[in-house]
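One letter stands for each residue in the lines below.
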Amino acid sequence: MKFLVTGACGQIGSELVPVLRQRYGRYNVVVSDIDTTRLMTVFDEPSVKADVTIRKEIENVIEAYDIDVIIHLAAILSARGEENPSLAWRVNVEGLYNILEIAREYDLDMVFIPSSIAVYGPETPDNPGDIAIMRPKTLYGISKVLTELLGEYYYMKYGLDVRGLRLPGVISWKAKPGGGTTDYAVEAFYHAILRREYVFWVRPDTRLPMIYMPDVLKAFIQLIEADDNKLTVRFYNVQGMSFSAKELEEAIRKYIPDFKAYYKPDPLRQKIADSWPKTIDDTRARRDWGWRPEWDLEKMTVDMIENLSKMLLKQ
Ligand SMILES: NC(=O)c1ccc[n+]([C@@H]2O[C@H](COP(=O)([O-])OP(=O)(O)OC[C@H]3O[C@@H](n4cnc5c(N)ncnc54)[C@H](O)[C@@H]3O)[C@@H](O)[C@H]2O)c1
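Just so we're clear, the structure is a prediction, and the values are computed from it rather than from any experiment.

Visitor: Talk me through the overall build of the protein; I want residue IDs and the actual numbers.
Guide: Along the protein, the regular secondary structure elements total twelve helices and 13 strands. On C-alpha atoms alone, the protein measures out to a radius of gyration of 19 Å, which is about the 20 Å that the 2.2 N^0.38 rule sets for 315 residues. Across its three principal directions, the C-alpha atoms of the protein cover 55 × 45 × 40 Å. Residues classed as buried in the protein amount to 56% of the 315 residues present. Once local pairs closer than 6 in sequence are excluded, the contacts in the protein between residues at least 24 apart make up 78%. On the protein, the mean spot of the 41 positive side-chain charges and the mean spot of the 46 negative ones are 3 Å from each other.

Visitor: Can you explain the side chain of Glu 15? Please cite residues and give values.
Guide: Position of Glu 15 among the secondary structure elements: in helix 1 (residues 13–24). Residues within four places of Glu 15 in sequence aside, it is in contact with Ser 172, Trp 173, Lys 174, Ala 175, Met 213 and Leu 217.

Visitor: Can you explain the packing of aromatic side chains? Please cite residues and give values.
Guide: Applying the stated criterion across every chain yields a total of twelve aromatic pairs. A connected cluster of aromatic rings, assembled from ring pairs, spans Tyr 184, Tyr 198, Phe 200, Trp 201 and Tyr 263. Note that Arg 234 overlies the ring of Tyr 155, its terminal NZ or CZ placed 3.6 Å from the centroid. The positively charged end of Arg 269 is found above the aromatic ring belonging to Trp 201, 3.7 Å away from the centroid.

Visitor: Which residues make up the domain arrangement of the protein, and what values do they have?
Guide: Looking at the protein, the domain boundaries give domain 1 (3–168 + 211–237) and domain 2 (170–210 + 240–280 + 288–313). Counting residues at the interface gives 40 residues for domain 1, matched by 36 residues for domain 2. Carbon and sulfur atoms supply 62% of the area buried between domain 1 and domain 2, which totals about 3200 Å² over both sides. Linking domain 1 with domain 2 are two salt bridges, by the criterion used here. Salt-bridge contacts for Lys 218 lead to Glu 294; the nearest nitrogen and oxygen are separated by 3.0 Å. Here domain 1 is connected to domain 2 by 18 residue pairs in polar contact (both at pLDDT 80 or more).

Calculation rules
Once a new chain begins, its residue numbering starts again from 1 and follows that chain's sequence as written. A pLDDT threshold of at least 70 governs which residues receive local features in this predicted model, and a stricter bar of 80 or more applies before side-chain atom pairs are shown or counted, although totals over entire chains, interfaces and linings include all residues. Remark: hydrogens and water are excluded; side-chain values derive from all non-hydrogen atoms of the structure. Numbered from the N terminus, helices here are DSSP runs of H or I no shorter than four residues, and strands are runs of E no shorter than two. For the radius of gyration, the atom set is restricted to C-alpha positions; the globular benchmark scales as 2.2 Å times the number of residues to the power 0.38. Residue burial is assigned from relative accessible area. The probe radius is 1.4 Å, only protein chains are included, and a residue is buried under 20% of its type maximum, exposed over 50%, and partly exposed in between. For this analysis, residues touch if any pair of their heavy atoms sits within 4.5 Å. Residues counted as positive are Lys and Arg, residues counted as negative are Asp and Glu, and His and the chain ends are not counted. Charged side chains are reduced to one point each, which is NZ for Lys, CZ for Arg, CG for Asp and CD for Glu. What counts as a ring pair is set by centres within 6.5 Å for rings of Phe, Tyr and Trp (its six-membered ring), and what kind of pair is set by the plane angle: stacked under 30 degrees, edge-to-face over 60, tilted for all other angles. A ring is scored as having a charge over it whenever the NZ atom of a lysine or the CZ atom of an arginine sits within 6 Å of its centre and within 35 degrees of its normal. Residue ranges for the domains trace back to a domain assignment, done automatically or taken from a database. Two parts placed together each lose some accessible area under a 1.4 Å probe, and adding up what both lose gives the buried area. Salt bridges, as used here, are contacts in which a Lys or Arg side-chain nitrogen is within 4 Å of a carboxyl oxygen on Asp or Glu. Residues adjacent in sequence count toward polar contacts only when both atoms are side-chain atoms; beyond that, a polar contact is any pair of N or O atoms within 3.5 Å, and within protein one must be able to donate a hydrogen and the other to accept it.

Given below as structure tokens:
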């Protein structure tokens, strides 16, 4: 199987690509992004600059490397998307359409696309499952509902195997997050380690579902390799933990006792956070392909502080 990873230089791709290369072989995983500086510094060959909004650039890579599977990570995330809706539309909607059309024309084996809890909205009941009310209020969320619906459509109409994870906020230390609403859960660690204080941009009682990167990587591999006959939906909720900003503050203070936290909610991001569910139900992923998260708030906090301290304090 030969993979193309789009948007490979982001928070998830930076960690997913080494795992894919380890498992399927370096030359079977072609990485691409528009960020040429990071492409050159983060990854070995094969790597190609390719903009998902320019169909020909993606087609050239598919042909040159005889790709079977696209892992489509290129996207503009929630908070950045609200600041620049037209860019979010071009990348998240037109880019998505290019990827699906190319996959159909070249008869690829699979397109794997992460969705997001941003598909939900204020009308969604608590702890939603995979089939729930999805009336998002951000352009990012709207583009992710479209991703899911179009993915299902291409699967039903053309037999293209489109599948993906509906991810909550992703916490990780190797690469910085790219402009999402849950980025405070990562930033708090950087600031706690370097400055001993952090100003959260949400209220202390803001509770959101989250997942730690090792669980994300495990879920990607499990769902990529899952037998299609066992899948009962194309997009699956996965959750590792759910905590409030205050609980994160307290978890960090256990290990950095002089950590001080302040709260100055940012109207845009607070509004987005308030429109998302506090937890999501991932029973179906557990049942269909054996999903089991391994990282909770406590374990993740210890690991984040240990690894980030090593990385930041040696610089
Ligand atoms: N990180 C999270 O918390 C989170 C949560 C839910 C879902 N997701 C989804 O996971 C996927 C990957 O997210 P991430 O956190 O790695 O995002 P990120 O913002 O860190 O990385 C996105 C990458 O896409 C690249 N990119 C942007 N425009 C492009 C274009 N036109 N052509 C090619 N590449 C382009 C960027 O240079 C960047 O390297 C996205 O679909 C995102 O919606 C992420």
